[in-house]
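Observations on the model geometry
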Amino acid sequence: QVQLVESGGGLVQAGGSLRLSCVASGSIFGINMMGWYRQAPGKQREFVANTILGASATYADSVKGRFTISRDNAKNTIYLQMDSLKPEDTAVYYCKAQRFSGPSYESWGQGTQVTVSS
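Below is a short write-up of the structure. (Residues numbered from 1 in each chain as written. Predicted model: local features only at pLDDT ≥ 70, side-chain atom pairs only at ≥ 80, totals over all residues. Heavy atoms only, no water.)

Considerations on the sheet that holds strand β7 (residues 67-72)
Heads up, the rule is: Each pair of strands is called paired provided DSSP finds at least two bridges between the two strands. Note on conventions: DSSP H or I runs of at least 4 residues are helices, E runs of at least 2 residues are strands, and numbering of each starts at the N terminus. For helices, the fitted line uses only the C-alpha atoms of the stretch in contact; every axis is such a line through C-alpha atoms, and the angle between N-to-C directions lies from 0 to 180 degrees.
Taken in spatial order, the 4 strands make up an open sheet running β1-β3-β8-β7, and their pairing is antiparallel. Looking at strand neighbours, the two that pair on one side only are β1 (2-7) and β7, the edges of this open sheet. Each strand axis lies, on average, 15 degrees off the axis of its neighbour in the sheet, ignoring direction. Note that β1 and strand β3 (residues 18-26) share 6 bridges and pair antiparallel. Pairing of S7 across the sheet is with S21, part of β3.

What follows is the structure, encoded as structure tokens:
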């Protein structure tokens, strides 16, 4: 399977920006989807954005127009550019990779903390 390592989290004031990175290693062949999820204290993990090979990116309504996901295949890395951050964006952000078949599996990173102060 694939191993994922996130970085780039931190503390930022409301209205600021951060860029998260997720580097994939291991059996990266055949990964169809990579994306970002987040989990705030006391809440369930929720979808933020993903990028699927051959398709356009998808975003949660709460981040549309503020967050941008991108993928650098040469570096086996995806990024999440987060602009106009709000206190409600505070969460641990997790990277996910998924292969849909042959065999199918999904992998998660360890997470990176993003804290937005008001």
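We are not done yet, so read on.
Section: the state of the cysteines
For clarity, the threshold we go by: Note on terminology: pairs of cysteine sulfur atoms within 2.5 Å are recorded as disulfides.
Under the defined criterion, the tally for this structure stands at 1 disulfide. Here C22 engages in a disulfide with C95; their sulfurs sit 2.1 Å apart. One quick way to see it: the torsion about the S-S bond of C22 and C95 is about -80 degrees, and its sign makes the bridge left-handed. Highlighted residues: C22 in strand β3 and C95 in strand β9 (residues 91-99), separated in sequence by 73 residues.

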